[in-house]
Amino acid sequence: MFRSRIKCGMCLRKMEGAARREDTIYYRCNSRTLEPGSATALARPPQIYLREDLVTPAVNRWIASLFDPMHRDETVTRHLEADDSVERDLTRIEQLPDRVVAAKVAM
Ligand SMILES: [Zn+2]
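Attention in this report is confined to the structure presented alongside it. Predicted, not measured: the structure shown is a model, and the values here were computed from it. (Residues numbered from 1 in each chain as written. Predicted model: local features only at pLDDT ≥ 70, side-chain atom pairs only at ≥ 80, totals over all residues. Heavy atoms only, no water.)

**Regarding the side chain of threonine 75**
Counting through the fold element by element, threonine 75 comes out in helix α3 (residues 72-82). A relative accessible area of 7% means that threonine 75 is categorised as buried. (Helix = DSSP H or I, 4+ residues; strand = E, 2+ residues; numbered from the N terminus. Buried < 20%, exposed > 50% of the residue type's maximum accessible area, 1.4 Å probe, protein only.)

**Details of the environment of threonine 24**
With respect to the helices, strands and loops of the structure, threonine 24 is situated in strand β2 (residues 24-30). Under the relative-accessibility criterion, threonine 24 is labelled buried at 7%. Residues in contact with threonine 24, not counting those within four places in the same chain, are Ala18, Ala19 and Arg51. (Contact = heavy atoms within 4.5 Å.)

**Topic: the sheet that holds strand β3 (residues 47-51)**
One open sheet holds the three strands; their spatial order is β1-β2-β3, and the pairing between them is antiparallel. Of all the strands in the sheet, the pair left with one neighbour each is β1 (16-21) and β3. The sheet shows a mean angle of 40° between the axes of neighbouring strands, direction not considered. Bridging between β2 and β3 involves five bridges; their strand directions are antiparallel. (Pairing = 2+ DSSP bridges. Axes fitted to C-alpha atoms, helices over the stretch in contact; angles between N-to-C directions.)

**Quick look at a nonpolar patch on the surface**
A cluster of nonpolar side chains, contributed by Val86, Leu90, Ile93 and Leu96, occupies part of the molecular surface with about 370 Å² of accessible area. Take leucine 96: it is sitting in helix α4 (residues 85-106). (Patch = residues over 30% accessible without salt bridge, like charges linked within 9 Å, V, L, I, M, F, W, Y side chains within 5 Å. Areas by Shrake-Rupley, 256 points an atom, 1.4 Å probe, with all protein chains shown as cover. Salt bridge = Lys/Arg side-chain N within 4 Å of Asp/Glu carboxyl O.)

**Considering α4**
Its 22 residues place the ends of α4 30 Å apart at the C-alpha level, agreeing with the 32 Å of an ideal helix rising 1.5 Å per residue. Approximately 40° is the largest bend angle found in α4, and it occurs at leucine 96, with the proline proline 97 only one to four residues beyond. (Expected span 1.5 Å × (residues − 1). Bend = angle between axes of the 7 residues up to and from the residue.)

**A short note on the nonpolar core**
Counting residues in hydrophobic clusters, the biggest one holds 11 residues: Phe2, Ile6, Cys8, Cys11, Met15, Tyr27, Cys29, Leu34, Ala41, Ile48 and Val55. If sequence neighbours within four positions are ignored, alanine 41 has contacts with Leu34 and Glu35. (Core = buried A, V, L, I, M, F, W, Y, C linked by side-chain atoms within 4.5 Å.)

Structure follows, in structure tokens:
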């Protein structure tokens, strides 16, 4: 669920998903992929695991809070600001008369 979205708090690298049991997903930061003998490798345990099922409820509460009545307007505004497809569509619509004229000239 959180693939490529969770970073290790100690080395700031992306943690990789790993199923350790049939029904439990973990995210792992593996010290084997750190530079041997580096300060980061020496300062941490060989393996760091994070259980997905312990993170999911907090993430779900955060997402739900984005759409509660107090935050809904801000969330919608931010989504609209991040989505430039409306501006692209308006530009294409504004260019339509020129394209029609160009097509008539070409005929
Ligand atoms: Zn790490």
